[in-house]
Amino acid sequence: MESQSIEYKKIWRDEYLNRKETFFFPRAAFRELLLNAVIHKDYLSTTPIQIRIYKDKIRLWNDGALPKEVPVEDLYKEHVSKPCNPNLANVFFRCGMIESRARGFSKITRYCEEENAKLPEIDLSLGGVTARCFASDKYLALMNEHQETENVPLNVPLTERQKTTQKILDIIKTNPYVTRTELSDLTGISPDDIKWQLKQLKDKKVIARVGADKGGYWEIVSGDEK
């Protein structure tokens, strides 16, 4: 596969101090697609398996082909197993990464149904086998919710995180040389959370670091969090 680093898209929120994650597409289903791509890849070709991540979909492309006995429209039905690389498929089977042959797409169907996600669209475009995985409705709803809370009207009460962010900005205005440890002591939140909040503020161009980590200082770029 391509050497670039790929982080699986997800949205997380805190509920009763427990981190709850909602993934763009069921991880177990995507795992089956990856295994299928590796087992059925044409290794005479030097083109790697490719993954493209978009706002509303993930595209997985494999330089391979489906068995003639298994047309695209029958992938989600019962079909025969004819791996392009039987020895490799046997290795995955013995390692426990696949349970049985020709069940990958039935498992994908089950995983998608469990999380109310759309089935991947499979086609033979782009000179190979392409799988397009679309964001679940639950993920899209949470994404819209997160986008709406980024610009909260002034008459809406601030959340605890927003209050903490504002307190951090107030402290920086008063003392630009304040350290992360001092911010943690003054706000009462963990150093890791302080580090995360400062990164968010820097990414949003609200603050900037001038000089080195030691001896440098914070500069307010924008008066309001973007």
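Residues numbered from 1 in each chain as written. Predicted model: local features only at pLDDT ≥ 70, side-chain atom pairs only at ≥ 80, totals over all residues. Heavy atoms only, no water.

Details of the overall build of the protein
Rule in force here: Each helix corresponds to a stretch of at least 4 residues labelled H or I by DSSP, and each strand to a stretch of at least 2 residues labelled E; elements are numbered beginning at the N terminus. Working definition: with a 1.4 Å probe on protein chains only, accessible area under 20% of the residue-type maximum means buried, over 50% means exposed, and in between means partly exposed. The contact definition used throughout considers only heavy atoms, calling two residues in contact when any of these lie within 4.5 Å. Throughout, the Shrake-Rupley method with a 1.4 Å probe supplies accessible areas, and for residues the shown protein chains are the sole cover considered.
A tally of helices and strands in the protein yields seven helices and eight strands. Within the span of the protein, comprising 226 residues, buried residues form 35% of the whole. The long-range share in the protein, meaning contacts at least 24 apart out of those at least 6 apart in sequence, stands at 53%. For the protein, the exposed area adds up to about 14600 Å²; of that, 51% sits on carbon and sulfur atoms.

Brief notes about the confidence of the model for the protein
Our working rule: As a per-residue measure, pLDDT reflects the predictor's confidence and takes values from 0 up to 100.
Looking at the protein, the pLDDT average stands at 78 and 79% of residues meet or exceed 70. For the protein, per-element mean pLDDT is lowest for strand β1 (residues 10-15), which scores 51, and highest for strand β6 (residues 129-134), which scores 91. Note on residues 1-8: pLDDT under 50 across the span, and 20 contacts to partners over four residues away in sequence or across chains. Scored below 50 in pLDDT, residues 152-156 makes one contact in the model with residues more than four places away or belonging to other chains.

Some words on the packing of aromatic side chains
For any pair of aromatic rings, the description rests on two quantities: the centre-to-centre distance and the angle between the ring planes. To be explicit about the condition: We call Phe, Tyr and Trp rings a pair once their centres come within 6.5 Å, taking the six-membered ring for Trp, and we label the pair stacked below 30 degrees between planes, edge-to-face above 60, and tilted otherwise. Any Lys NZ or Arg CZ that is within 6 Å of a ring centre and within 35 degrees of that ring's normal is treated as a charge sitting over the ring.
Throughout the structure, instances matching the rule amount to two aromatic pairs. Ring plane angle 90 degrees and centroid distance 5.3 Å describe the contact between Y76 and F105, whose orientation is recorded as edge-to-face. With Y76 in the loop between β4 (57-62) and α2 (86-94) and F105 in helix α3 (residues 104-114), this pair connects stretches of sequence that are 29 residues apart. Judged by centre distance (5.4 Å) and plane angle (50 degrees), the rings of Y177 and Y217 are tilted. Of this pair, Y177 sits in the loop between α5 (160-174) and α6 (180-187) while Y217 sits in strand β8 (residues 217-220), and the two are 40 residues apart along the sequence. Owing to a relative accessible area of 29%, Y217 belongs among the partly exposed residues under this scheme. Geometry around Y54 places K57 over its ring, the cationic atom sitting 4.6 Å from the centre.

Considerations on the packing of helix α1 (residues 27-40) against α3
What counts, and what does not: A fitted line through C-alpha atoms serves as each axis, taken over the contacting stretch for helices, and the angle formed by two N-to-C directions is quoted from 0 to 180°. With respect to orientation, any angle under 35 degrees is reported as roughly parallel, any angle over 145 as roughly antiparallel, any angle of 65 to 115 as roughly perpendicular, and every other angle as oblique. For a crossing to be left-handed, the near helix must be turned anticlockwise from the far one by less than a right angle; the clockwise case is right-handed. Note that Gly is not counted as nonpolar here; it falls among the polar residues with everything else outside the nonpolar set of Ala, Val, Leu, Ile, Met, Phe, Trp, Tyr, Cys and Pro and the charged set of Asp, Glu, Lys and Arg.
At a minimum axis separation of 8 Å, α1 and α3 run at an interaxial angle of 160 degrees. Considering the angle they form, α1 stands roughly antiparallel to α3. Regarding α1 and α3, the two cross each other, and that crossing is left-handed. Every residue of α3 that contacts α1 at A28, A29, E32, L33 and N36 is listed here: G104, F105, K107, I108, Y111 and C112. A per-class count over the contact of α1 with α3 returns seven nonpolar, two polar and two charged.

Brief notes about the environment of N90
Its place among the elements puts N90 in helix α2. Along the backbone, N90 and I39 are 51 residues apart, and their C-alpha atoms lie at a distance of 9.5 Å.

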